[in-house]
Amino acid sequence: MIDREGEGFQTSTDPHIKRVAVIGGGITGLAAAYRVRELAAAREFPLEVQLLERGTRCGGALETIRRDGFVIETGADSFLTEKRACAELAARLGLGAELIPTREIYRKTYVVRAGRLVEIPAGFSLLAPAHLGPVFRSSLFSPIGKLRIAIEPFIPARTSEDDESLDSFVTRRLGREVLERVAQALAGGIYTADPKRLSMIATMPRFVEMERRYGSVVKGMRAAENARASKSSEVSGARWSLFQSFKNGMATLPETLASRLGGSIRKGAEVIGMSRNGNAWRLSTSSGDSIDADGVICAAPAYAASRIVATIAPAAAKSLGEISYATAATVNLTFRESDFDGPPRAFGFVVPSIEHRRIIAGSFSSFKFEGRAPAGAILARAFVGGEMSREMMTLSDDAMIAAVRDEFRALLGVSAAPGFAEVKRWPDSMPQYEVGHLTRVGEIERAVAEIPVFAIAGAAYRGVGIPDCIRSGEDAADAIFAKLATTKTK
């Protein structure tokens, strides 16, 4: 079969060659397809991979614009090295030398409080501090709020095993000020979620485990800090020393994967359904084509996966369709250093919803990583939208840029017009891990296990980070290859 874009995509008719179709060309699908190829090559197993992407580009939320000396990330700008899947994949691709760390001298994070930027206390990670001293010295909390944090070690631990929302967990352990002034904003920067609906066990299980093990989140934080004290120093907001990117931007990874996969990728191929074709699968596309495969990995968003499996696995389709998504956008702006009256030398800041502002976070890419802007220039970006600020997504690009400029003027004192601006919308791109999420995922996985030589993967299930997605795709590839290899040897 030759693809309609003339890219030379074709499938073999040799019955001895097994075929695997990967649906979705985001980082999950790319990692899955590449892993299948790796396994087949290692075993000298005759196998053909077909990656089907509905859009015109691969990479999903990893998109880098390189313009006028700027390296502009429109989506994820880094990955967490503590989860090894991304770094290990980069090494296998020969990209180890391309990895760069965050810039140590700027490893600070701020939060907006009463219209101004306040540094998050040292040792404060997402929703709890390791030490009370920096909290007491901070202007972020009121005296009553500080007292409420101080008594956290004396509050009895919850004994129920039921899932709990971020809102409930934080207010129960540390008080409402921590939720409203820090935790909601930091979690919002990751999940763009409503804290009343966000599942703790699905998104921040280490804090749940701290309460279970130590009876206190503060005690758990202190124990964790002591355990890694000899390995790294901690700063405010997050363990920034554990984050890395690529010299030429995060798109380096999907671009390299796509190059290695070459003609195995077919763009403009939206899969809309599946059916059995003897002992194999037949995939139907929106253009009317059909594609045969012995095994299928679905790395499309949950709502797309729901439609694809609707006729063959109604129970799985129902549960998949219940995973909701949020829409967000990034607005990148370029400035001269002289446009600022002393810009905060930090990675960025988060904006709690109680501040009633029109952005949910801002960051300084050129402070966070080397080589992101020419000398004398600053590359900044804002995050807008999400569950708590849906109205922003109704704005035009020009109106969105104007809103971001208003916020930067108010919070950062920069009134100069940007050199240029880049708006990127990510519709229905942020899976919402609501209370009960892992129970739903378990139901999906059990239902999917009944589908022959089929697997699902992606950000919708057990982790939204880049390493999570890569691991999900590779695990699916391992499972599908094992089934095909077992069938072949029988």
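Quick note: structure is the one above.
Here, residues in each chain are numbered from 1, in the same order as that chain's written sequence. Totals for whole chains, interfaces and linings use all residues, but because this is a predicted model, local features are given only for residues with pLDDT of at least 70 and pairs of side-chain atoms are given and counted only at 80 or more. Heavy atoms throughout the structure, all of them, feed into the side-chain values; hydrogens and water do not.

Caption draft 1: Layout of the overall build of the protein. Every helix listed is a DSSP run of H or I at least four residues long, and every strand listed is a run of E at least two residues long, numbered separately from the N terminus. A tally of helices and strands in the protein yields 16 helices and 22 strands. Based on C-alpha atoms, the radius of gyration is set beside the globule rule, defined as 2.2 Å times the residue count to the power 0.38. A compact globule built from 490 residues would reach a C-alpha radius of gyration of about 23 Å, and the protein, at 23 Å, matches this within 12%. Considered along the principal axes of its C-alpha atoms, the protein spans approximately 70 × 55 × 45 Å. By definition in these notes, contact holds between two residues if any of their heavy atoms fall within 4.5 Å. Taking contacts inside the protein between residues at least 6 apart in sequence as the whole, the part at least 24 apart equals 73%. Per-residue and other accessible areas were derived by the Shrake-Rupley procedure at a 1.4 Å probe size, with only the shown protein chains allowed to occlude residues. Summed over its atoms, the accessible surface of the protein is roughly 20200 Å², and 51% of this surface lies on carbon and sulfur atoms. In summary, the charge assignment counts Lys and Arg as positive and Asp and Glu as negative, without counting His or the chain termini. Positions of charges follow a simple convention, taking NZ of Lys, CZ of Arg, CG of Asp or CD of Glu. In the protein, 63 side chains carry a positive charge and 57 a negative one; their mean positions are 3 Å apart.

Caption draft 2: Representation of a nonpolar patch on the surface in the model. Among the surface-exposed residues, L147, I151 and F154 lie close enough to one another that they form a single nonpolar patch of about 350 Å² accessible area. Within the secondary structure, I151 is located in the loop between α4 (143-150) and α5 (166-173). Exposure is judged per residue with a 1.4 Å probe applied to protein chains only, and the accessible area is read against the type maximum: over 50% gives exposed, under 20% gives buried, and values in between give partly exposed. What makes I151 partly exposed here is its relative accessible area of 36%. Patch membership requires more than 30% relative accessible area and the absence of a salt bridge. Residues of like charge join within 9 Å; the nonpolar side chains Val, Leu, Ile, Met, Phe, Trp and Tyr join within 5 Å. Salt bridge, as used here, is a side-chain nitrogen of Lys or Arg placed within 4 Å of a carboxyl oxygen of Asp or Glu.

Caption draft 3: Spatial organisation of the sheet that holds strand β5 (residues 79-80). Reading across the sheet, the three strands line up as β5-β11-β6 and stay open at both edges, with antiparallel pairing between neighbours. For this open sheet the edge positions go to β5 and β6 (99-101), each flanked by a neighbour on one side alone. In this sheet, strand β11 (residues 243-246) lies alongside β6 in antiparallel orientation, the contact comprising three bridges. Bridge pairing in β11 places P101 opposite Q244. Should DSSP find at least two bridges between two strands, the strands are regarded as paired.

Caption draft 4: Expanded view of the nonpolar core. If you look at the biggest cluster of nonpolar residues, it comprises 45 residues, and the most contacted ones within it are L47, L253, I297 and I470. Within the residue set of this core, elements represented by two or more residues are β1 (18-23), α1 (27-43), β2 (47-53), α2 (85-92), α10 (252-261) and α16 (466-489). Those residues in contact with I297, other than ones at most four positions away along the chain, are V20, A21, V22, I23, A32, V36, A455, A476, A477 and I480. Core analysis: the second largest hydrophobic core is formed by 38 residues, V111, F124, M200 and M221 among them. The definition of a nonpolar core used throughout is a set of buried Ala, Val, Leu, Ile, Met, Phe, Trp, Tyr and Cys residues joined through side-chain atoms within 4.5 Å.

Caption draft 5: View of the pairing of strand β14 (residues 280-285). In the sheet, strand β13 (residues 271-277) pairs with β14 via six bridges, with the strands oriented antiparallel. Paired with M274 across the two strands is L283, which belongs to β14. Counted between consecutive antiparallel strands, the loop separating β13 from β14 contains two residues, among which G278 sits at a positive phi close to 70°. One ladder, built from four bridges, connects β14 with strand β15 (residues 290-293); its direction is antiparallel. In the sheet register, S284 faces β15, and the bridge partner there is S290.

Caption draft 6: Spotlight on helix α15 (residues 437-448). Counted at 1.5 Å a residue, the expected span for α15 with its 12 residues is 16 Å, and the 16 Å between its end C-alpha atoms agrees. Every buried residue belonging to α15 is among H437, V441, G442, I444, A447 and V448, and all of these are buried. For α15, the secondary structure elements touched by its buried residues are α7 (200-203), α12 (314-321) and β22 (454-456). To estimate how far a helix should reach, multiply one less than its number of residues by 1.5 Å.

Caption draft 7: Structural view of the packing of aromatic side chains. A pair of aromatic rings is counted whenever rings of Phe, Tyr or Trp (Trp by its six-membered ring) have centres within 6.5 Å, and the orientation is called stacked for planes under 30 degrees apart, edge-to-face for over 60 and tilted otherwise. All told, the structure shown has 11 aromatic pairs when counted by the stated rule. Geometrically, the ring pair formed by Y106 and F367 is tilted, given 4.9 Å between the ring centres and 35° between the ring planes. Separated by 261 residues along the polypeptide, Y106 in the loop between β6 and β7 (109-113) and F367 in helix α13 (residues 365-368) bring together distant segments of the chain. For F367, a relative accessible area of 3% translates into the label buried. Taken together, the aromatic side chains of Y106, F349, F364, F367 and F408 make up a single cluster linked through ring pairs. Above the ring of W281, the side-chain terminus of R276 is found at 4.4 Å from the ring centroid. Remark: a charge is flagged as sitting over a ring if the NZ atom of Lys or the CZ atom of Arg is within 6 Å of the ring centre and within 35 degrees of the ring normal. Directly above the ring of W426 sits K424, whose terminal nitrogen or CZ lies 4.9 Å from the centroid.

Caption draft 8: Representation of the side chain of D194 in the model. Tracing the chain through its elements places D194 in the loop between α6 (176-191) and α7. This buried residue, D194, is left without a salt bridge; R197 holds the nearest opposite charge, at 5.0 Å. Polar contact is defined as a pair of N or O atoms within 3.5 Å, subject to the rule that within protein one atom must be able to donate a hydrogen and the other to accept it, and that residues adjacent in sequence are counted only when both atoms are side-chain atoms. Only 2.9 Å separates the side chain of D194 from the backbone nitrogen of K196, close enough to count as a polar contact. For D194, the residues in contact, after removing those within four places along its chain, are E387, M388 and Q432.

Caption draft 9: Here's a closer look at the packing of α5 against α6. The interhelical angle for the contact between α5 and α6, taken along N-to-C directions, is 140°, at an axis separation of 9 Å. Comparing their axes, α6 and α5 come out oblique. Both α5 and α6 take part in a crossing whose hand is right-handed. For the pair α5 and α6, contact is made by L166, D167, V170 and T171 and by R176, V178, L179, A183 and A187, respectively. Where helices are involved, their axes are fitted lines through C-alpha atoms of the stretch in contact, as for all axes, and angles between N-to-C directions lie from 0 to 180°. If an angle is under 35 degrees, it is roughly parallel; if it is over 145, roughly antiparallel; if it lies from 65 to 115, roughly perpendicular; otherwise it is oblique. Crossing handedness follows the turn of the near helix against the far one: under a right angle anticlockwise gives a left-handed crossing, and clockwise gives a right-handed one.

Caption draft 10: Layout of the sheet that holds strand β20 (residues 377-385). Strand order across the open sheet formed by seven strands is β8-β7-β18-β19-β20-β17-β21, with mixed pairing between neighbours. Looking at strand neighbours, the two that pair on one side only are β8 (116-119) and β21 (421-431), the edges of this open sheet. The average angle at which neighbouring strand axes cross in this sheet is 25°, direction not considered. In the sheet, β7 pairs with β8 via four bridges, with the strands oriented antiparallel.

Caption draft 11: Examining the packing of α12 against α15 more closely. Contact pair α12 / α15: the axes reach a minimum separation of 9 Å and the direction vectors enclose 155°. With respect to α15, the element α12 is oriented roughly antiparallel. The handedness of the crossing between α12 and α15 is left-handed. Contacts between α12 and α15 pair A316, S319 and L320 from the former with R440, E443, I444, A447 and V448 from the latter.

Caption draft 12: Spotlight on the pairing of β20. Counting buried positions along β20 gives eight out of nine residues, so the element sits mostly inside the fold. In terms of strand pairing, strand β17 (residues 325-336) meets β20 through nine bridges, oriented antiparallel. Looking at β20, one finds that V331 is bridged to A382.

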